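Next come the chains, spelled out residue by residue.
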Amino acid sequence: MPFNSYPYLGCLALAVLVYWQLPHRLRGFYLLLVSVLYYGTWNPNHIVIPLSLCLLVWLISRPMTAPQANPRRWMWLGIGLVLLVLGFFKYRHFFLQASGSVLAPLDVQPVALAAGVGLPLGISFYSFEAISYLIDSRQRRIARPPLLQLCNFVMFWPHLMAGPIVRVRELVPQLLEARTFRPGFLIAGLDRILWGLVQKNAIANPIGRWVEEGLQPERLPTTADAWFLAIGFGFQIYFDFAGYSNMAIGAGRMLGIEFPQNFRFPFHASAPPDFWARWHMTLSRWVRDYLFFPINARFQGAPLPLYLSLLGIMALVGLWHGAGWGFVLWGMAHGAAMVLFRIYESLASEGIRSSLAARVGWRVFTLLVVTVAWVPFRAENLSQAAELLQTMFFGLVPGLALPSRFYQATVLVAVFCGFEPLLVRFLEWLESGAAQQDRRRSVALVLVRCVTYACAVLLFMIFDEQETEFIYFRF
Amino acid sequence: MPEDAKLQDAVAEVVAALTGRTVSERETLISSGMIDSLSILRLIAMLEKKLGVIIPTESLQPDDFDSIALIVETVQRVSRPAG
């Protein structure tokens, strides 16, 4: 039951309605019940996986806080077990294919055996949340929550399938707080859900359909098409994932729960590291806190470990998205761009760094790297990625062979992305005015909200493509 | 370890040197994008030198350095005299 479907929206309304009728002491059980039921709509056999993971890390966190215990050893045991579960479900094909030649003489077909167990949705996300719980417990940042609240932290349905990746200290205190209903919760939630629906159904899905068409294996794209397809896929995945994130944030808000933001105008990044401060922000934060910072603090920020860690960590970020070399290449391209920027930072004088040419140059370079790196990420296989890159950079194939609406839509979306920060700032200005009882801005906000809702509903109905799944559900 | 007010002044000086501007006590440094995670490592090295302490990082996260107030609290909590 995807977020952008009518059955989900109907169930969400019902779930929110019931939630606010319940006394506080029952809300935790209710949220877990709804989350389990929601997860079960995808595959009831997989419900046991996140529940077992919660029980596992909850049990392991107990001796971590006991006197005389060796918390570090317990933490690593817990992380090892979580990674084992993640590795089994997500990467077993990768490893079994590699071991196929070893098992061949025994007449065992490991890939066929492994195919029987599907990929549990959201496992990459809730595994990382379980690991963050173990590390935060080890660092004594959090008190051990009751099992029910830990299960809700991991399984709370709005963020269960594809984030935002939250921390115990962000979510559990909110779950424990006895909140009373305010109409503002619904308005704030609906705003986000509606915008998320438009992002997903009216922008990401139509562009995705054209990208799919352009990347059919039998089709050899022209040079301009290859560039448009890379740019188009960048927009597709941004609006798809940002749309999902907004719908998750919106569902949380309707229940009075605030999730962290996941995107902040990524196409306005000033440099490669800035892109990752704006794109999938909760994953970037996880990587920063639990990998990048501890590794580089150990080496006191020395250049060589810094560069190697950037490459290695970004390769792992790629692998986290899926067991394939295309994802690894995508991650390494971002890692290499960040290394290049760090080298430049260490060599360039303050005068050069603050010059207009350098600042514009890094913005253009960042957009170029981001766009080109989507090619191995999205291509069906490495040979198709190589063909596309060859066409983009070396072999000029003239012409435009895709439907003209694809080019028009891509240009239109690019213009929209350019103005997006201005639009958001304008809305924030209206909202701050309304909060300060400024009558003119309050009226303007009501009008803007009505017009936007009408446009959004219209767009949603015209481009209604609910059957397309969210890209990040595959990860 | 310097007394509270002196520690706060020392941290404010280091943060100003790193960011190139005066920063108020509660202003966020990382979440506002003023400094990144790599700058935190430089910040730690500068603090260790200025205060003559060692700041063990194994139980720290970048959020512990998100404002001058948090940095002061972190230094008081984890630092030990150098040497």
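Residues numbered from 1 in each chain as written. Chains lettered and ligands numbered in written order. Predicted model: local features only at pLDDT ≥ 70, side-chain atom pairs only at ≥ 80, totals over all residues. Heavy atoms only, no water.

What follows concerns a nonpolar patch on the surface. A contiguous nonpolar surface patch, about 460 Å² in accessible area, is contributed by Val411(A), Val415(A), Phe419(A), Leu422(A) and Leu423(A). Tracing the chain through its elements places Val411(A) in helix α19 (residues 404-435). (Patch = residues over 30% accessible without salt bridge, like charges linked within 9 Å, V, L, I, M, F, W, Y side chains within 5 Å. Areas by Shrake-Rupley, 256 points an atom, 1.4 Å probe, with all protein chains shown as cover. Salt bridge = Lys/Arg side-chain N within 4 Å of Asp/Glu carboxyl O. Helix = DSSP H or I, 4+ residues; strand = E, 2+ residues; numbered from the N terminus.)

As a further point, take unusual backbone geometry. Residues and elements named next belong to chain A. Not every positive phi belongs to a glycine, and His280 is a case in point at roughly 40 degrees. Take His280: it is sitting in the loop between α12 (272-276) and α13 (281-298). On the basis of relative accessible area, His280 is assigned to the buried category, the value being 1%. Residue Gln300 is not a glycine yet carries a positive backbone phi of 50 degrees. Looking at the element boundaries, Gln300 is found in the loop between α13 and α14 (303-321). (Buried < 20%, exposed > 50% of the residue type's maximum accessible area, 1.4 Å probe, protein only.)

A separate point is the side chain of His321(A). All names here are of chain A. Within the secondary structure, His321 is located in helix α14. We classify His321 as buried; its relative accessible area is 1%. Only 2.8 Å separates the side chain of His321 from the backbone oxygen of Val317, close enough to count as a polar contact. (Polar contact = N/O pair within 3.5 Å; in protein donor to acceptor, adjacent residues only side chain to side chain.)

Another aspect to go through is the packing of helix α1 (residues 6-21) of chain A against helix α2 (residues 24-40) of chain A. Residue and element names in this part refer to chain A. Two elements in contact, α1 and α2, have axes whose closest approach is 10 Å; the angle formed by their N-to-C orientations is 165 degrees. One way to sum up the angle between α1 and α2 is to call them roughly antiparallel. Helix-helix and strand crossings are classified by hand; for α1 and α2 the assignment is right-handed. Within the contact between the two elements, α1 uses Tyr8, Leu14, Ala15, Val18, Tyr19 and Trp20 and α2 uses Arg27, Tyr30, Leu31, Val34 and Tyr38. Split by residue class, the contact of α1 with α2 holds 10 nonpolar, no polar and one charged. (Axes fitted to C-alpha atoms, helices over the stretch in contact; angles between N-to-C directions. Parallel < 35°, antiparallel > 145°, perpendicular 65-115°, else oblique. Left-handed = near helix turned anticlockwise from the far one by under 90°. Contact = heavy atoms within 4.5 Å. Nonpolar A, V, L, I, M, F, W, Y, C, P; charged D, E, K, R; others polar.)

This next bit is on the interface of chain B and chain A. With 16 residues of chain B at the interface, the matching set in chain A holds 17 residues. Approximately 1500 Å² of surface area, both sides summed, lies buried where chain B meets chain A, with 50% of it carried by carbon and sulfur atoms. There are six salt bridges connecting chain B and chain A. Of the charged contacts in the structure, one is a salt bridge between Arg288(A) and Asp63(B), with a shortest N-O distance of 3.2 Å. One can count nine residue pairs in polar contact (both at pLDDT 80 or more) joining chain B with chain A. Considered class by class, the residues forming the side of chain B that touches chain A number eight nonpolar, four polar and four charged. (Buried area = accessible area lost by both parts, 1.4 Å probe.)

Residues and elements named next belong to chain A. All chains considered together, the criterion is met by two cavities of 30 Å³ or more. There is about 80 Å³ of room inside the largest cavity. Taken together, Val211, Leu215, Ala226, Leu229, Ala230, Phe233, Trp374, Val375, Arg378, Ala379, Leu388 and Met392 make up the full set of residues lining the largest cavity. Looking at the lining of the largest cavity, its residues break down into 11 nonpolar, no polar and one charged. Its volume calculated, the second largest cavity comes out at about 40 Å³. Lining of the second largest cavity is provided by Pro272, Phe275, His334, Ala337, Thr366, Val369 and Val370. Broken down by secondary-structure element, the contributors of at least two residues to the lining of the second largest cavity are α12, α15 (325-347) and α17 (356-378). (1 Å grid on protein atoms, 1.4 Å probe; cavity = no way out; pocket = protein on both sides within 12 Å on 5 of 7 lines; lining within 4 Å. Points joined across faces, edges and corners; volume = space filled by probe spheres on them.)

Moving on, we come to the nonpolar core. Judged by nonpolar contacts, the single largest core of 152 residues is most densely connected at Phe153(A), Trp157(A), Leu47(B) and Ile71(B). With sequence-adjacent residues up to four places away left out, Phe153(A) is seen in contact with Glu129(A), Ser132(A), Tyr133(A), His159(A), Val166(A), Arg167(A), Val168(A), Leu171(A), Val172(A) and Leu175(A). Counting residues in hydrophobic clusters, the runner-up holds six residues, among them Ala271(A), Phe341(A), Tyr344(A) and Ala358(A). (Core = buried A, V, L, I, M, F, W, Y, C linked by side-chain atoms within 4.5 Å.)

Turning our eyes to something else, we now look at the confidence of the model for chain A. On average, residues of chain A score 87 in pLDDT, and 92% of them are at 70 or above. Here helix α5 (residues 110-114) of chain A stands out as the least confident element of chain A, with mean pLDDT 52; α17(A) is the most confident, with 95. (pLDDT = per-residue confidence, 0-100.)

Here the focus is α13(A). Residue and element names in this part refer to chain A. In this model α13 runs 24 Å from its N-terminal to its C-terminal C-alpha over 18 residues, within 8% of the 26 Å that 1.5 Å per residue would give. A bend of about 45 degrees at Arg288 is the largest found in α13. The first or second residue beyond α13 is Gln300, which carries a positive phi of 50 degrees. (Expected span 1.5 Å × (residues − 1). Bend = angle between axes of the 7 residues up to and from the residue.)

Turning our eyes to something else, we now look at the layout of surface pockets. Estimated volume of the second largest pocket: approximately 1100 Å³. Looking at the second largest pocket, it is lined by 41 residues, and the ones nearest its centre are Trp76(A), Tyr290(A), Leu291(A), Pro294(A) and Ile295(A). For the lining of the second largest pocket, the secondary-structure elements that each account for two or more residues are α4 (71-103), α6 (123-138), α13 and α14 of chain A together with α2 (37-51) of chain B. Its residues assigned to classes, the lining of the second largest pocket comprises 29 nonpolar, six polar and six charged.

All told, the structure shown has 22 salt bridges over all chains when counted by the stated rule. Here Arg253(A) and Glu258(A) are joined by a salt bridge, their closest N and O atoms 3.0 Å apart. With a shortest N-O distance of 3.0 Å, Arg342(A) and Asp36(B) are connected by a salt bridge. Of the two residues, Arg342(A) is situated in helix α15 and Asp36(B) in the loop between α1 (4-19) and α2; the pairing between them involves two chains. Arg342(A) gets classed as buried once you look at its relative accessible area, which sits at 8%. On the basis of relative accessible area, Asp36(B) is assigned to the partly exposed category, the value being 26%. Where salt bridges share partners, they join Asp136(A), Arg167(A), Arg169(A), Arg288(A), Asp289(A) and Asp63(B) into one cluster.

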